Amino acid sequence: MGEWHDAAAADAVVEDEVVGCVVAGKPVALFRVEGQVHALYDQCSHGYAKLSDGFVEDGCVECPLHQGLVDILTGEPRSAPITEGVRSFPAREVNGRVEVEIE
């Protein structure tokens, strides 16, 4: 188990958008899907591109460099050229803030 770290204001993380931030020294992309917050490592597994620069649609984020899709809930690849998953982190809302658990 890791520690929970403050990441962003909860109202800054809205549906169909992505927020990039650094949490405990790690780049993290924050999302809201169906009201719940989610966090992924903010780098495409196919090459160096920040997922926080990508587009969000239908529960996936599109890599801005390769246009491959990553499932926001699981970090699993959904289309080529991405074949490896992206690390996901537990995320929660506490007192109007988003917290992310980092090991």
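To be clear, the structure that these remarks concern was listed above.
Residues numbered from 1 in each chain as written. Predicted model: local features only at pLDDT ≥ 70, side-chain atom pairs only at ≥ 80, totals over all residues. Heavy atoms only, no water.

Teacher, can you tell me more about the overall build of the protein here?
From N to C terminus, the protein includes 0 helices and 10 strands. Starting at the N terminus and walking to the C terminus, you meet the elements of the protein as β-β-β-β-β-β-β-β-β-β. Principal-axis analysis of the C-alpha atoms gives the protein an extent of 40 × 25 × 20 Å. Across the 103 residues that make up the protein, the buried fraction comes to 42%. Long-range contacts, defined here as pairs at least 24 residues apart, represent 42% of the contacts in the protein between residues at least 6 apart. Accessible surface, the protein as shown: approximately 5600 Å² in total, 46% of it carbon and sulfur. Positive and negative side-chain charges in the protein, numbering 7 and 19 respectively, have mean positions lying 6 Å apart. (Helix = DSSP H or I, 4+ residues; strand = E, 2+ residues; numbered from the N terminus. Buried < 20%, exposed > 50% of the residue type's maximum accessible area, 1.4 Å probe, protein only. Contact = heavy atoms within 4.5 Å. Areas by Shrake-Rupley, 256 points an atom, 1.4 Å probe, with all protein chains shown as cover. Lys, Arg positive; Asp, Glu negative; His and termini not counted. Charge placed at Lys NZ, Arg CZ, Asp CG, Glu CD.)

Would you mind going over the environment of Gly 54 with me for this structure?
As for its position among the elements, Gly 54 is in the loop between β4 (36-41) and β5 (55-57). Accessibility expressed as a relative area gives 12% for Gly 54, which makes it buried. In this structure, the C-alpha to C-alpha distance between Gly 54 and Ala 39, residues 15 residues apart in sequence, is 14 Å. Those residues within four positions of Gly 54 in sequence are excluded, and the remaining contacts are Val 18, Val 61, Glu 62 and Pro 64.

Before we go on, may I ask you to explain the sheet that holds strand β3 (residues 26-33) in this structure?
Each strand in a sheet pairs with another by means of backbone hydrogen bonds, the pair being arranged parallel or else antiparallel. Strand order in this open sheet of 4 strands is β2-β3-β4-β8, and the pairing throughout is antiparallel. Only two strands of the sheet have a single neighbouring strand rather than two, namely β2 (19-23) and β8 (88-89). Judged from the 2 bridges that link them, β4 and β8 form a sheet pairing that is antiparallel. Counted as the bridge partner of Ala 39 is Phe 89 from β8. (Pairing = 2+ DSSP bridges.)

What should I look at first to understand the state of the cysteines in this one?
The term disulfide refers to a covalent linkage connecting the sulfur atoms of a pair of cysteines. Taken as a whole, this structure holds 0 disulfides when the rule is applied. Not part of a disulfide, Cys 21 finds its nearest cysteine sulfur in Cys 44, a span of 18 Å. A relative accessible area of 14% places Cys 21 in the buried class. Summary of cysteine pairing: Cys 63 is not part of a disulfide, and the nearest cysteine sulfur, belonging to Cys 44, is at 3.7 Å. (Disulfide = S-S within 2.5 Å.)

How should a negative patch on the surface be read in this particular structure?
A contiguous patch of negative charge on the surface is contributed by Glu 15, Asp 16, Glu 17, Glu 34, Glu 57 and Asp 58. Residue Glu 57 is classed as exposed on the basis of its relative accessible area, which comes to 56%. (Patch = residues over 30% accessible without salt bridge, like charges linked within 9 Å, V, L, I, M, F, W, Y side chains within 5 Å. Salt bridge = Lys/Arg side-chain N within 4 Å of Asp/Glu carboxyl O.)

Teacher, can you tell me more about the sheet that holds β5 here?
Strand order across the open sheet formed by 3 strands is β5-β6-β7, with antiparallel pairing between neighbours. At either end of the open sheet lies a strand with only one pairing partner, and these are β5 and β7 (69-71). Strand after strand, the sheet turns through a mean of 30 degrees between neighbouring axes, direction not considered. Note: strand β6 (residues 60-62) against β7, 3 bridges, orientation antiparallel. Note on β7: the bridge partner recorded for Val 61 is Val 70. (Axes fitted to C-alpha atoms, helices over the stretch in contact; angles between N-to-C directions.)

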